[in-house]
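# Report on the structure
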Amino acid sequence: GAGVSQSPSNKVTEKGKDVELRCDPISGHTALYWYRQRLGQGLEFLIYFQGNSAPDKSGLPSDRFSAERTGESVSTLTIQRTQQEDSAVYLCASSPPGRGYGSEQYFGPGTRLTVT
Amino acid sequence: QKEVEQNSGPLSVPEGAIASLNCTYSDRGSQSFFWYRQYSGKSPELIMSIYSNGDKEDGRFTAQLNKASQYVSLLIRDSQPSDSATYLCAVTRNQGGKLIFGQGTELSVKP
C-alpha cells in the first residue's frame, strides 16, 4: 500500500517568511509524528497526534512552530517567521493502532527546508 | 548524558562479516526499542523492533535487548555493501509514542 507522503519535497524560503509542510499518513494509522533532522544530526521529536487526544507538543522548539491534524488524516506543520536555524529535513511518521506504549513508526520521505 | 547513545563510527567491516552495532539508553522506563536504517539523503527505514529481553531474529538481522544493562544491539550477519548506511537506535517510554533517537552509527561494508 501507499506509504507516508509529504509535500513539498524541497522548500527554499527567505528568512522571515512563513512555510507550511504537509503530511499524509498511511491509511488506518491513528498516530502521526513530526521530527526534524538537521544536517549531520540525529532526529529531534517535534509533535505527536494520537486520535482525538490532545497533541503532545513538548518537542516544539518555539512558538513559531505549530501543527494541526484533521481527524486521523492529513497534518500540516507551520513555521512562522522562519530563521536560518530552521533549515533541516522535516520528517513525518505514522503508526498503526495497537501497542499503547509506542508502536512501529513509518517515515515519509521528508521535506528539505532551506532558509536563506 | 545523552538519553540514547551510539558510537558514531564509522564502523567498517568486510563483506560477509558480522556487523555489531550497539546502543545504550538512560531511561529505565523505556519499553520499546527500534533500529532504523538511513541511507544518505533518505528517510529512516524501520528494520527491527524489540520489546522483551533477549534476542529477536529477522533474516540476517538480530536485535538483542538487555533492560537490566540498558543496552540494545543489532547484529547483521553476512554483511553486504548494500548494508552500508547509518543505523539509528530509537526508544520510547510507555506514556507516549515519541521516539528518542541516538545519533546513529555509520556502517561501511567493504567488498
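Reference entry: report on the structure contained in this document.

Reading the values: the criteria
Residues numbered from 1 in each chain as written. Chains lettered and ligands numbered in written order. Predicted model: local features only at pLDDT ≥ 70, side-chain atom pairs only at ≥ 80, totals over all residues. Heavy atoms only, no water. Helix = DSSP H or I, 4+ residues; strand = E, 2+ residues; numbered from the N terminus. Rg over C-alpha atoms; globule rule 2.2 N^0.38 Å. Contact = heavy atoms within 4.5 Å. Areas by Shrake-Rupley, 256 points an atom, 1.4 Å probe, with all protein chains shown as cover. Lys, Arg positive; Asp, Glu negative; His and termini not counted. Charge placed at Lys NZ, Arg CZ, Asp CG, Glu CD. Salt bridge = Lys/Arg side-chain N within 4 Å of Asp/Glu carboxyl O. Buried < 20%, exposed > 50% of the residue type's maximum accessible area, 1.4 Å probe, protein only. Buried area = accessible area lost by both parts, 1.4 Å probe. Polar contact = N/O pair within 3.5 Å; in protein donor to acceptor, adjacent residues only side chain to side chain. Core = buried A, V, L, I, M, F, W, Y, C linked by side-chain atoms within 4.5 Å.

## Observations regarding the overall build of chain A
- Scanning chain A for helices and strands turns up zero helices and 10 strands.
- When the elements of chain A are put in sequence order from the N terminus, they spell out β-β-β-β-β-β-β-β-β-β.
- Here chain A has a C-alpha radius of gyration of 14 Å; the compact-globule value for 116 residues is 13 Å, and the two agree.
- In terms of overall dimensions, chain A has a C-alpha envelope of 40 × 30 × 25 Å along the principal axes.
- Taking all contacts inside chain A whose residues are at least 6 apart in sequence as the whole, residues at least 24 apart take part in 55%.
- Of the roughly 5,600 Å² of accessible surface on chain A, a fraction of 45% belongs to carbon and sulfur atoms.
- Charged side chains in chain A number 12 positive and 12 negative. The centres of these two groups are separated by 3 Å.

## Looking at the pattern of salt bridges
- Under the defined criterion, the tally for this structure stands at nine salt bridges over all chains.
- One salt bridge connects Glu-44 of chain A with Arg-36 of chain A, and the closest N-O pair in it is separated by 3.3 Å.
- By relative accessible area, Glu-44 of chain A is classed as partly exposed at 30%.
- Note that Asp-27 of chain B and Arg-93 of chain B form a salt bridge whose closest N and O atoms lie 2.6 Å from each other. In this pair, Asp-27 of chain B is assigned in the loop between strand S3 (19-25) and strand S4 (30-38) and Arg-93 of chain B in strand S9 (residues 85-93), connecting sequence segments 66 residues apart.
- In this structure Arg-93 of chain B comes out as partly exposed when scored by relative accessible area, which is 34%.
- Three or more residues joined by partner-sharing salt bridges are found here, namely Arg-36, Arg-38 and Glu-44 of chain A.

## Digging into the environment of Ser-9 of chain A
- Topologically, Ser-9 of chain A is positioned in the loop between strand S1 (5-7) and strand S2 (10-13).
- As for Ser-9 of chain A and Leu-113 of chain A, which are separated by 104 residues in sequence, their C-alpha atoms are 8.6 Å apart.

## Let's talk about the interface of chain B and chain A
- Chain B puts 21 residues into the contact, and the matching count from chain A is 22 residues.
- Contact with chain A buries area across many residues of chain B, yet Tyr-51, Lys-98 and Phe-101 of chain B alone supply 28% of it, more than any other trio.
- Taken together, chain B and chain A are joined by zero salt bridges.
- Linking chain B with chain A are seven residue pairs in polar contact (both at pLDDT 80 or more).
- Listed by contribution, the elements that provide at least two residues to the side of chain B that touches chain A are S4, strand S5 (45-50) and S9 of chain B.
- Considering every element that reaches the side of chain B that touches chain A, the biggest residue donor is S4 of chain B, with five residues.

## A word on the nonpolar core
- In terms of nonpolar packing, the biggest core is built from 23 residues, with Phe-33, Trp-35, Val-72, Leu-74, Ile-76, Tyr-87 and Leu-107 of chain B touching the most fellow members.
- Secondary-structure elements contributing two or more residues to this core are S3, S4, S5, strand S7 (61-66), strand S8 (71-76), S9 and strand S11 (105-110) of chain B.
- When neighbours within four sequence positions are excluded, Phe-33 of chain B is seen to be in contact with Tyr-25, Met-48, Ser-49, Ile-50, Leu-65, Lys-67, Val-72, Ala-90 and Val-91 of chain B.
- Val-19, Leu-21, Cys-23 and Ala-67 of chain A belong to the second-largest nonpolar core, a separate cluster that totals 20 residues.

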